Amino acid sequence: MNHSVAEITTERASIYLQQLCKHFAHKLAVEFTPEQGTIPFSMGTCRLQAAGDKLTLKAEAENADLLVQVEGVVERHLVRFAFRDPPEIAWRTAEKAAN
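Small disclaimer: the values here were computed from a predicted structure and weren't measured. (Residues numbered from 1 in each chain as written. Predicted model: local features only at pLDDT ≥ 70, side-chain atom pairs only at ≥ 80, totals over all residues. Heavy atoms only, no water.)

This part takes up the packing of aromatic side chains. Under the criterion given, the structure shown has one aromatic pair. Seen from their ring centres, Phe24 and Phe41 are 5.0 Å apart, and the 85° between their planes marks the pair as edge-to-face. Here Phe24, found in helix H1 (residues 13–24), pairs with Phe41, found in the loop between strand S3 (36–40) and strand S4 (45–51); they are 17 residues apart in sequence, far enough to count as distant. Assigned by exposure class, Phe24 and Phe41 land together as buried. (Phe/Tyr/Trp six-rings, centres within 6.5 Å; stacked < 30°, edge-to-face > 60°. Helix = DSSP H or I, 4+ residues; strand = E, 2+ residues; numbered from the N terminus. Buried < 20%, exposed > 50% of the residue type's maximum accessible area, 1.4 Å probe, protein only.)

Counted by the stated rule, this structure contains two salt bridges. The partner of Glu7 in a salt bridge is Lys54, with the nearest N and O atoms 4.0 Å apart. Highlighted residues: Glu7 in strand S1 (residues 2–9) and Lys54 in strand S5 (residues 54–61), separated in sequence by 47 residues. The salt bridge partner of Glu60 is Arg47, with a shortest N-O separation of 3.1 Å. In this pair, Glu60 is assigned in strand S5 and Arg47 in strand S4, connecting sequence segments 13 residues apart. (Salt bridge = Lys/Arg side-chain N within 4 Å of Asp/Glu carboxyl O.)

In terms of residue burial, S5 counts as a mostly covered element, since six of its eight residues are buried. For S1 and S5, the ladder comprises eight bridges, and the chain directions are antiparallel. Residue Asn2 lies in a different strand from S5, and its bridge partner there is Ala61. Pairing analysis gives seven bridges linking S4 to S5, with the strands arranged antiparallel. Along S5, the bridge assignment pairs Cys46 with Ala59. Counting the residues between successive antiparallel strands, the hairpin from S4 to S5 contains two residues, one of them, Gly52, with a positive phi of roughly 60°. (Pairing = 2+ DSSP bridges.)

Okay, the sheet that holds S4 next. Spatial ordering of the open sheet is given by S2-S3-S4-S5-S1-S6, a layout of six strands whose pairing is antiparallel. A strand with exactly one partner marks an edge of an open sheet, and here the two such strands are strand S2 (31–32) and strand S6 (92–93). Relative to S3, S2 runs antiparallel, the two being bridged by two bridges. Its bridge partner being in S3, Phe32 is matched across the sheet by Gly37. Packing of H1 onto the sheet brings it into contact with S2, S3, S4 and S5, and relative to S4 it is tilted by some 150°. Each of S1, S4 and S5 touches helix H2 (residues 64–81); the most contacted strand, S5, lies at about 150° to it. (Contact = heavy atoms within 4.5 Å. Axes fitted to C-alpha atoms, helices over the stretch in contact; angles between N-to-C directions.)

Bringing the pairing of S3 into the picture now. Of the two faces of S3, only the one carrying Gly37 and Ile39 is buried; Gln36, Thr38 and Pro40 on the other face are not. Between S2 and S3, which pair antiparallel in sequence order, lie three residues. Judged from the five bridges that link them, S3 and S4 form a sheet pairing that is antiparallel. Looking at S4, one finds that Thr38 is bridged to Arg47. Linking two consecutive strands that pair antiparallel, namely S3 and S4, is a turn of four residues.

Structural measurements only, silent on function.
Pasting the structure below:
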């Protein structure tokens, strides 16, 4: 399993978490609270966590190509929702995140 993480600083961490989860819940079996969520895509999963001003996105997929797809779909939607103050999203692979 391949993993990556993106940590975003924003005063709207919980709002964006809920907005992303509600958006995808129309077609997927999403689970979420104001503090955490799970979006099970067909190509992988994104786990979200909001704590204070930090939104953490954790993507996982069977291979690197699918992982890039999970990252891309989450990133595109988050940027669209946060258009007034676009977040800087930098994905780190599990190896880089550990260092």
